[in-house]
Amino acid sequence: MWVVLSHSAAAEKSQLGGTGRGLNSRRPERGAVTLSIQPPRLRIRIQQVERYRLMTLCTSSNPQLRALMLKLWACRVWGRGWWLAWAAGVAWWVFVAAPTILPSLYCRLDCSSLKAWLDPPSPISPLFLYHLRQSVVLPPQRRPPHPLTSTDLNHPPWLDFGPWRYVESILRLLFQDKSDGVFVEAGAGTGVFRSHTMWLEWRQAWRGLLVEPRPEAFAQLRRRRKAAAALACVSDEGYHKKGQLWSPAGTDDLPPLYRDTALARSTLAKYVIEEDRASGRSSAVQCYTLNALVSAALGRRTRSVDLLLLDTAGGEYRILATLEGLNVAVLVVRHHDEADKVFISGTADSLGLKHLPSVLPGSGFLFFMDTAHKERMNDLNLTNFNP
């Protein structure tokens, strides 16, 4: 049994005009919307012909008919505004929210494949900085558990160990009249052993950031220093990632001074030559861009650093290449060979820093300064400092 509920023009003509056939005498015309009852169960079949009708109207040569079709179509779309809202919400999630939120959440577990998984947002995006402040960067301390002493500052055991005395002398003369400065030290170690920021922090009231990837060294650093600190490595790429930290083995039985000297060689495994890898151990370490660490520790408005020290035992010039937007006044970098020296000099020059090759030549340190500090070095007669 077929019952016609609504029908097309052809079905209407069949009823009004006149074939004289009853409702049950034949199947409804093509395009009709019908209700089919087949005992013992009910089956409803709806046939929609809107697409066919729209195509007919679109191909019509009557402009009024086409205009009417457009009005009807606009009313249908407006009447289904919830569809547009749903589609807009999906688009916002796919193109805005997901690329911003998901990489940050993913980074809590593993940042190593961000680059390959999805082109990540800016490393200094608010979500990344929030994660760093909550989980990575420790705030400054008003008074650490074991503060520095005058012996640590002026007569440390390593005073005559390598070029530390001369580098420290240059920095103290250069900044003797400057207080409330900002320093960043990447590869800070224990925060005391051969550190060039202790005097600035305690005597000149500077604030800053200390970055160290080794947990045992970081624990000592936190007991002695006031500055903000991050247990992490500095990424040598323009994004956050996970790497392998190599440290020399067999240092537990060494005297403290020699043990700290040996552990200062710790670096990312990619910078260790093949012959030395077997003599150490590797562990997973999380790396963040230096720009992001500085913004999280010192605030996003801190875009100027008075002193930047880099001693990561490898990859220094790659780190410098990620510092776009960070203004550095004085840069002190440890280099390892002549090729490394050339790459560091070229990268620092692109940051607007001038190399002072006559300062401590052969010491393993390179000095770079902006124009103002270079003039001050000339006034202090330190541009040819070579004890």
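Look up a bit, the structure's there.
Below is a short write-up of the structure. (Residues numbered from 1 in each chain as written. Predicted model: local features only at pLDDT ≥ 70, side-chain atom pairs only at ≥ 80, totals over all residues. Heavy atoms only, no water.)

So, the overall build of the protein
A tally of helices and strands in the protein yields 16 helices and 15 strands. By the burial criterion, 41% of the 387 residues in the protein qualify as buried. Sequence separation of at least 24 residues holds for 67% of the intrachain contacts in the protein that already meet a minimum separation of 6. For the protein, the computed accessible surface area is about 21,600 Å², with 56% contributed by carbon and sulfur atoms. (Helix = DSSP H or I, 4+ residues; strand = E, 2+ residues; numbered from the N terminus. Buried < 20%, exposed > 50% of the residue type's maximum accessible area, 1.4 Å probe, protein only. Contact = heavy atoms within 4.5 Å. Areas by Shrake-Rupley, 256 points an atom, 1.4 Å probe, with all protein chains shown as cover.)

Describing the packing of helix H6 (residues 126-135) against helix H13 (residues 290-298)
Interhelical geometry of H6 versus H13 gives an angle of 65° and a closest axis separation of 9 Å. For the pair H6 and H13, the sense of crossing is right-handed. Residues Leu129, Leu132 and Arg133 of H6 form the contact with H13, whose own contacting residues are Ala292, Leu293, Ser295 and Ala296. Grouping the amino acids of the contact of H6 with H13 by side-chain chemistry returns five nonpolar, one polar and one charged. (Axes fitted to C-alpha atoms, helices over the stretch in contact; angles between N-to-C directions. Left-handed = near helix turned anticlockwise from the far one by under 90°. Nonpolar A, V, L, I, M, F, W, Y, C, P; charged D, E, K, R; others polar.)

Examining unusual backbone geometry
One non-glycine residue, arginine 194, adopts positive backbone phi at about 55°. One can find arginine 194 in the loop between strand S5 (182-186) and helix H9 (198-203). Given a relative accessible area of 23%, arginine 194 falls into the partly exposed group. With a phi angle near 60°, alanine 313 is a residue other than glycine that sits in the positive phi range. Within the secondary structure, alanine 313 is located in the loop between strand S12 (304-310) and helix H14 (316-320). Taking the relative accessible area as the measure of exposure, alanine 313 reaches 17% and is therefore buried.

What to know about H13
Counting buried residues along H13, nine of its nine residues qualify, which places the element largely inside the surrounding structure. Among the residues of H13, those classed as buried are Leu290, Asn291, Ala292, Leu293, Val294, Ser295, Ala296, Ala297 and Leu298. Glycine 299, located one to two residues past H13, shows a positive phi value of around 105°.

Comments concerning the sheet that holds S5
Across the sheet, which stays open at both edges, the eight strands sit in the order S4-S7-S6-S5-S12-S13-S15-S14 with mixed pairing between neighbours. The open sheet terminates on both sides in strands that have one partner only, identified here as strand S4 (137-138) and strand S14 (354-355). The pairing of strand S6 (residues 207-212) with strand S7 (residues 228-231) spans four bridges and is parallel. Its bridge partner being in S7, leucine 210 is matched across the sheet by alanine 229. Contacting S4, S5, S6, S7 and S12, H13 runs over the sheet at an angle of about 135° to S6. (Pairing = 2+ DSSP bridges.)

Regarding the packing of aromatic side chains
Aromatic ring pairs are described here by two measures, namely the spacing of the ring centres and the angle between the planes. Following the criterion strictly, the structure yields four aromatic pairs and no others. Both rings, one in tryptophan 158 and one in tryptophan 164, keep their centres 6.4 Å apart while their planes meet at 90°; by these two values the pair is edge-to-face. According to the relative accessible area criterion, tryptophan 158 is buried, its value standing at 7%. Look at tryptophan 164 and you get buried, because its relative accessible area is 4%. Connected via pairs of aromatic rings, a cluster forms that spans Trp158, Trp164 and Phe193. Looking at lysine 226, its charged tip hangs above the ring of tryptophan 202, at a distance of 4.4 Å from the centre. (Phe/Tyr/Trp six-rings, centres within 6.5 Å; stacked < 30°, edge-to-face > 60°. Lys NZ or Arg CZ within 6 Å of the ring centre and 35° of its normal.)

A closer look at a nonpolar patch on the surface
On the surface, Trp86, Val90, Trp92, Trp93 and Val94 cluster together to form a nonpolar patch covering roughly 550 Å² of accessible area. Looking at the element boundaries, tryptophan 93 is found in helix H4 (residues 81-107). According to the relative accessible area criterion, tryptophan 93 is partly exposed, its value standing at 43%. (Patch = residues over 30% accessible without salt bridge, like charges linked within 9 Å, V, L, I, M, F, W, Y side chains within 5 Å. Salt bridge = Lys/Arg side-chain N within 4 Å of Asp/Glu carboxyl O.)

Focus on the sheet that holds strand S9 (residues 241-248)
Strand pairs in the sheet, formed through backbone hydrogen bonds, run parallel or antiparallel to each other. Reading across from one edge, S8-S11-S9-S10 is the order of the four strands in this open sheet, with mixed pairing throughout. Strand pairing shows two members of the sheet lacking a second neighbour, strand S8 (233-234) and strand S10 (267-268), which therefore form its edges. Sheet analysis places S9 next to S10, joined by two bridges and oriented antiparallel. Within the sheet, the bridge partner assigned to tryptophan 246 lies in S10 and is threonine 267.

Here's the deal with the packing of helix H8 (residues 164-174) against helix H16 (residues 371-379)
Two measures define how a pair of helices packs: the angle their axes make with one another and the distance between the axes. Running from amino to carboxyl end, H8 crosses H16 at an angle of 105°, the nearest separation of the two axes being 10 Å. In this view, H8 runs roughly perpendicular relative to H16, as classed from their interaxial angle. Facing Ile170, Leu173 and Leu174 of H8, the residues of H16 in contact are His373, Arg376 and Met377. (Parallel < 35°, antiparallel > 145°, perpendicular 65-115°, else oblique.)

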